[in-house]
Amino acid sequence: MSQDKNADDVCEACGSFVELGSVIAEGDTVLVLPFTGKDSDAVKALAKKYVDAAKTRFESVIVSEQETIAADGVTLEVSLNFDCTAEKLIFEMGLSAI
């Protein structure tokens, strides 16, 4: 990390600072999104919204899913494998709009 604090971005919520380059790693192309709930159909419907958004923006994204059923509900882990780190980052930045 650089010693020049003027070049750093400061998080207003926690007051920490970080350089963008330390967050983005080359080859970091997989985004894992966990969805949980009591109803399997509702969990799958919510996950589908995110998968559809990823496929609409990036046609070549590869999707894999792993479902775990427990007594207290369902967990669906969706992995989105993008072609490059930039695609993953762009999608992550837009997650709040989904």
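Above: the structure in question.
Residues numbered from 1 in each chain as written. Predicted model: local features only at pLDDT ≥ 70, side-chain atom pairs only at ≥ 80, totals over all residues. Heavy atoms only, no water.

Regarding the pairing of strand β5 (residues 73-81)
We count it as follows: Strand pairing requires that DSSP identify at least two bridges connecting the strands. Counting from the N terminus, the helices are the DSSP runs of H or I reaching at least four residues and the strands are the DSSP runs of E reaching at least two.
In this sheet, β5 lies alongside strand β3 (residues 30-37) in antiparallel orientation, the contact comprising eight bridges. Bridge pairing in β5 places Thr36 opposite Thr75. Pairing of strand β4 (residues 62-70) with β5 involves nine bridges; the strand directions are antiparallel. The residue of β5 that forms the bridge with Glu65 is Val78. Between β4 and the antiparallel strand that follows it, β5, lie two residues.

What to know about the environment of Thr36
Note the threshold: Any two residues whose heavy atoms approach within 4.5 Å are treated as being in contact.
The topology assignment puts Thr36 in strand β3. When residues no more than four places from it in sequence are discounted, the contact partners of Thr36 are Val43, Val74 and Thr75.

Let's talk about helix α1 (residues 40-57)
Heads up, the condition is: One fewer than the residue count of a helix, multiplied by 1.5 Å, yields its expected span. In this scheme, a residue with accessible area under 20% of its type's maximum is buried, one over 50% is exposed, and one in between is partly exposed, where area comes from a 1.4 Å probe on protein chains only. To be clear, the arc concerns the directions from the helix axis to the C-beta atoms.
With 18 residues, α1 extends 26 Å between its outermost C-alpha atoms, agreeing within 8% with the 26 Å of an ideal straight helix rising 1.5 Å per residue. Looking only at α1, the buried set comprises Val43, Ala47, Tyr50, Val51 and Ala54. Looking straight down α1, one finds its buried side chains confined to an arc of 100 degrees; they lie on one side. Exposed and facing more than 90 degrees away from the buried side of α1 are Asp41 and Thr56.

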